[in-house]
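A closer look at the structure
The chain contents come next:
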Amino acid sequence: MIKLTDLSKKYGVKKVVSKVNLSLTTNKLTAIIGPNGAGKSTLLAMISRLVPSDTGEIFLDHQSLKTWKQNSLAKKLSLLKQASSFELKITVKELVEFGRFPYSKGHLTEVDHQKVNQALAILGLKDLVNEDISTLSGGQLQRAYIALVLAQDTDYILLDEPLNNLDMKYEVQIMKTLRYLVKELGKTIIIVIHDLNFAASYADEIIAMKNGKIFKSGLTNKIIDEKVLSKLYEIPIQIQNISGKPFCLYFN
């Protein structure tokens, strides 16, 4: 369980997140949506302890996030930032192996190798394991970063726009993988995402943010609503049913 109470964050005089109170359901895929500048990425960074909050408290499994030791937290919660970068000259496999550091401290066991190989296979990177990450395309590198997070094998997975730079095939593959991790392995996944149709099709619950505040949150079918989304994004959004799934149409 992740619980946020009166969470706020300012940069200078600008309040980016304002008094957020929220309980995030475990063993679910929760999507955070909203216009640019809504505070989505900052909220995710605070939950991961990457960015300190100015006010409020975060509880992870009923324990204040401030009291978690770093290594214990790294085994419980993982984060993929929107812009990740490694300056080291390393291969794809070596990058993904970083995900096992909280467990192995650099001395990988058989279990560590299994987790790494499983993540590489899921992300379709087996043919690229020996490639230097500097030679990868944007989409290939993004998949490698996601594989690193999967190899970390945490109960909670936070992903900030993980579909960036991916083509349609891998966008769908990533979302299906996230659903598998939730349904079959009991993971709790929180994803910041701009594509409303992926959120509508794959998320169990949605948190809609606007101007640093929670605009509305709840089950996906309650948020994927024409009135809610049109007010959230301040443009007309139509919702149509295609093959039993809602499709958000916001362009003509």
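Here the structure is shown first, and the text comes after it.
Before going into details, it helps to say that this report is about the structure given with it.

What counts, and where the lines are drawn
- Residues numbered from 1 in each chain as written.
- Predicted model: local features only at pLDDT ≥ 70, side-chain atom pairs only at ≥ 80, totals over all residues.
- Heavy atoms only, no water.
- Helix = DSSP H or I, 4+ residues; strand = E, 2+ residues; numbered from the N terminus.
- Rg over C-alpha atoms; globule rule 2.2 N^0.38 Å.
- Buried < 20%, exposed > 50% of the residue type's maximum accessible area, 1.4 Å probe, protein only.
- Contact = heavy atoms within 4.5 Å.
- Areas by Shrake-Rupley, 256 points an atom, 1.4 Å probe, with all protein chains shown as cover.
- Lys, Arg positive; Asp, Glu negative; His and termini not counted.
- Charge placed at Lys NZ, Arg CZ, Asp CG, Glu CD.
- 1 Å grid on protein atoms, 1.4 Å probe; cavity = no way out; pocket = protein on both sides within 12 Å on 5 of 7 lines; lining within 4 Å.
- Points joined across faces, edges and corners; volume = space filled by probe spheres on them.
- Nonpolar A, V, L, I, M, F, W, Y, C, P; charged D, E, K, R; others polar.
- Core = buried A, V, L, I, M, F, W, Y, C linked by side-chain atoms within 4.5 Å.
- Pairing = 2+ DSSP bridges.
- Patch = residues over 30% accessible without salt bridge, like charges linked within 9 Å, V, L, I, M, F, W, Y side chains within 5 Å.
- Salt bridge = Lys/Arg side-chain N within 4 Å of Asp/Glu carboxyl O.
- Axes fitted to C-alpha atoms, helices over the stretch in contact; angles between N-to-C directions.
- Phe/Tyr/Trp six-rings, centres within 6.5 Å; stacked < 30°, edge-to-face > 60°.
- Lys NZ or Arg CZ within 6 Å of the ring centre and 35° of its normal.
- Polar contact = N/O pair within 3.5 Å; in protein donor to acceptor, adjacent residues only side chain to side chain.

Concerning the overall build of the protein chain
Assigned secondary structure in the protein chain consists of 10 helices and 12 strands. Compactness check: the protein chain gives a C-alpha radius of gyration of 18 Å against a globular reference of 18 Å for 252 residues, within 12% of the reference. Reported as C-alpha extents along the three principal axes, the dimensions of the protein chain are approximately 50 × 45 × 35 Å. Buried positions account for 48% of the 252 residues belonging to the protein chain. Here the analysis covers contacts within the protein chain between residues at least 6 apart in sequence; of these, 63% occur between residues at least 24 apart. Of the accessible surface of the protein chain, which amounts to about 12,700 Å², a share of 51% is contributed by carbon and sulfur atoms. For the protein chain, the centre of its 33 positive side-chain charges and the centre of its 25 negative side-chain charges are spaced 7 Å apart.

Re the layout of surface pockets
Space inside the second largest pocket adds up to approximately 160 Å³. What lines the second largest pocket is a set of 13 residues, and nearest its centre among them are Q118, L150, D153, L181 and L185. When residues of the lining of the second largest pocket are traced back to their parent elements, those giving at least two are α5 (110-122), α6 (138-152) and α7 (168-185). The dominant element in the lining of the second largest pocket, judged by the number of residues it contributes, is α5, at four residues. Looking at the lining of the second largest pocket, its residues break down into nine nonpolar, one polar and three charged.

Digging into the nonpolar core
Of all hydrophobic cores here, the largest spans 54 residues; its most connected members are I33, V92, M175, L178, I193 and L229. With eight residues, the top contributor of residues to this core is α6. Setting aside residues up to four positions removed in sequence, I193 forms contacts with A31, I32, I33, L163, M175, F198 and A199. The next biggest cluster of nonpolar side chains, apart from the first, holds 28 residues, and it includes L4, V16, V20 and Y156.

Considerations on the pairing of strand β11 (residues 238-242)
In the sheet, β11 pairs with strand β12 (residues 245-249) via five bridges, with the strands oriented antiparallel. In the strand pairing of β12, I239 is matched with C248. Between β11 and β12, which follow one another and run antiparallel, lie two residues, and S243 among them has a positive phi close to 55°.

A few points about a nonpolar patch on the surface
A surface patch of nonpolar side chains, amounting to about 290 Å² of accessible area, comprises I235, Y250 and F251. A residue is classified by how much of its surface remains accessible, and Y250, at 37% relative accessible area, is partly exposed.

Points about the sheet that holds strand β1 (residues 2-11)
Two orientations exist for strands paired in a sheet by backbone hydrogen bonds: parallel and antiparallel. The strand order across the open sheet formed by four strands is β2-β1-β4-β5, and the pairing between neighbours is antiparallel. Every interior strand has two partners, whereas the edge strands, β2 (14-24) and β5 (63-64), have only one. In the sheet, strand β4 (residues 55-60) pairs with β5 via two bridges, with the strands oriented antiparallel. Counted as the bridge partner of L60 is Q63 from β5. The strands touched by helix α1 (residues 40-47) are β1, β2 and β4; relative to β1, the strand with the most contacts, the crossing angle is about 120°.

Topic: the packing of aromatic side chains
Centre distance and the angle of the planes are the two values used to describe a pair of aromatic rings. One pass over the full model with this rule turns up two aromatic pairs. Both rings, one in Y250 and one in F251, keep their centres 5.5 Å apart while their planes meet at 85°; by these two values the pair is edge-to-face. The ring of Y170 is capped by R143, whose NZ or CZ atom sits 3.6 Å from the centre of that ring.

Concerning the environment of D195
When you line up the elements, D195 lands in the loop between β8 (188-192) and α8 (196-202). Among the polar contacts made by the side chain of D195, one reaches the main-chain amide nitrogen of N197 at a distance of 2.9 Å. For D195, the side chain forms a polar contact with the main-chain nitrogen of F198, separated by 3.1 Å.

Here we look at unusual backbone geometry
Positive phi outside glycine occurs at R49, with the angle close to 70°. Following the sequence through the fold, R49 ends up in the loop between α1 and β4. Given a relative accessible area of 28%, R49 falls into the partly exposed group. Backbone geometry at S243 places phi at a positive 55°, although glycine is not the residue there.

What about the pattern of salt bridges?
Counted according to the given criterion, the structure contains nine salt bridges. D155 serves as the salt-bridge partner of K76, at 2.8 Å between the closest nitrogen and oxygen. Note that K76 is positioned in helix α2 (residues 70-76) and D155 in the loop between α6 and β7 (156-160), a separation of 79 residues in sequence. On the basis of relative accessibility, which here comes to 17%, the residue K76 falls in the buried class. A salt bridge links K89 to D132; the nearest nitrogen and oxygen atoms lie 3.1 Å apart.

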